[in-house]
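# A structural walkthrough
Chain by chain, the residues run as shown.
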Amino acid sequence: MLMRTDPFREFDRLTQQMFGTASPGTWSKPATMPMDAYRDGDEFVVCFDLPGVAADAIELDVERNVLTVKAERRPAPGKDVQMQVSERPLGVFSRQLFLGDALDTDRIAAGYEAGVLTLRIPIAEKAKPRRIEISGATSSDRKEIQA
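Each chain has its residues counted from 1, following the order in which its sequence is written. Reporting of local features is limited, given that this is a predicted model, to residues whose pLDDT is at least 70; pairs of side-chain atoms are given and counted only at 80 or more, and all residues count toward the totals for whole chains, interfaces and linings. Excluding hydrogens and water, the side-chain values take into account all heavy atoms of the structure.

With that settled, consider the overall build of the protein chain. To qualify as a helix, a DSSP run of H or I must reach at least 4 residues; to qualify as a strand, a run of E must reach at least 2; elements of each kind are numbered from the N terminus. The secondary structure content of the protein chain amounts to 1 helix and 7 strands. Reading the protein chain from its N end, one meets helices and strands in the order α-β-β-β-β-β-β-β. Classification of the 147 residues of the protein chain by burial places 24% in the buried group. Should any heavy atoms of two residues lie within 4.5 Å, those residues are counted as being in contact. For the protein chain, contacts bridging at least 24 residues in sequence account for 54% of all contacts bridging at least 6. Accessibility throughout is a Shrake-Rupley quantity obtained with a 1.4 Å probe, and a residue counts as covered only by protein chains that appear here. Accessible area of the protein chain: about 11500 Å², with a carbon and sulfur share of 52%. We call a residue buried when its accessible area falls under 20% of the maximum for its residue type, exposed when it is over 50%, and partly exposed in between, using a 1.4 Å probe and counting protein chains only.

Further remarks concern the nonpolar core. Put simply, buried Ala, Val, Leu, Ile, Met, Phe, Trp, Tyr and Cys residues joined by side-chain atoms within 4.5 Å make one nonpolar core. Ranked by size, the top nonpolar core spans 18 residues in total, and within it Phe48, Leu50, Val69, Leu117 and Leu119 carry the most contacts. Within the residue set of this core, elements represented by two or more residues are strand E2 (43-49), strand E4 (66-73), strand E5 (91-98) and strand E7 (116-122). In this view, Val69 contacts Met33, Phe48, Glu59, Leu60, Phe93, Ser94, Arg95, Leu117 and Leu119; residues no more than four positions away in its chain are not counted.

Two strands qualify as a pair provided that DSSP identifies no fewer than 2 bridges between them. What the 3 strands build is an open sheet, ordered E3-E4-E5; its pairing is antiparallel. Strand pairing shows two members of the sheet lacking a second neighbour, strand E3 (58-63) and E5, which therefore form its edges. Sheet twist, expressed as the mean angle between neighbouring strand axes with direction ignored, is 15°. With 6 bridges connecting them, E3 and E4 associate as antiparallel partners. Bridging across to E4, Leu60 finds its partner in Val69. For helices, the axis comes from a line fit to the C-alpha atoms of the stretch in contact; other axes are also lines fit to C-alpha atoms, and the angle between any two N-to-C directions lies between 0 and 180 degrees.

Our next topic: the environment of Glu63. Considering the arrangement of structural elements, one finds Glu63 in strand E3. Considered as a pair, Glu63 and Phe98 are 35 residues apart in the sequence and their alpha carbons are 10.0 Å apart.

Notably, Arg64 is not glycine yet its phi reads approximately 60°, a positive angle. Positionally, Arg64 belongs in the loop between E3 and E4. In this structure, Ala114 is a non-glycine residue whose phi angle is positive, near 55°. For Ala114, the location among the structural elements is in the loop between strand E6 (109-113) and E7. Accessibility expressed as a relative area gives 79% for Ala114, which makes it exposed.

Before going further, it helps to examine the sheet that holds E2. Through backbone hydrogen bonds, the strands of a sheet pair up, either in parallel or in antiparallel fashion. Taken together, 4 strands build an open sheet; the order of strands is E1-E2-E7-E6 and the sheet is antiparallel. A single partner strand is all that each edge strand has here, and the edge strands are strand E1 (35-40) and E6. Mean inter-strand twist for the sheet, computed between neighbouring axes without regard to direction, equals 15°.

Next up on the list: the pattern of salt bridges. Salt bridges are defined as contacts in which a side-chain nitrogen from Lys or Arg sits within 4 Å of a carboxyl oxygen from Asp or Glu. With the rule as written, the count across this model stands at 3 salt bridges. The salt bridge involving Arg74 is made with Glu72; its shortest N-O contact spans 3.9 Å. On the basis of relative accessible area, Arg74 is assigned to the partly exposed category, the value being 45%. Assessed through its relative accessible area of 24%, Glu72 is described here as partly exposed.

Written out as structure tokens, the structure is:
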């Protein structure tokens with residue numbers, strides 16, 4: 001059994017339960033999840049930290065240009081479990097990202113490894129830089145004016 005207690009940690013935990021994450025046993029308040037986002041060549045990469053969340057407890061939805069990520073950390077299984085310390089938040093975690101038109105939302109790839117959900121969103125072809133040919137007179141079509 002763990003008997004050591006830290007009053008500041010307890011205060012922190014209570015504050016998080018009241019304002020951020022759902023308290024143990026309740027599932028009503030969504031919490032946010034830490035995220036990194038960056039461009040890597042021709043794709044946009046978004047990584048979410050979801051430690052302790054099973055892959056089947058993660059939902060990804062795209063509607064128009066809004067990407068929604070929902071994940072649920074469930075309590076320890078078993079009917080004879082007697083929790084001694086409960087500091088990790090349980091419940092539903094949610095995050096919405098508004099994706100620009102420059103991203104191809106039809107080809108999003110998702111992977112989950114070591115508690116990190118990684119989304120790779122390709123840059124749309126129409127948003128990539130391209131060379132534009134200039135039409136008009138070439139140097140051989142030039143006329144010389146005699147004065």
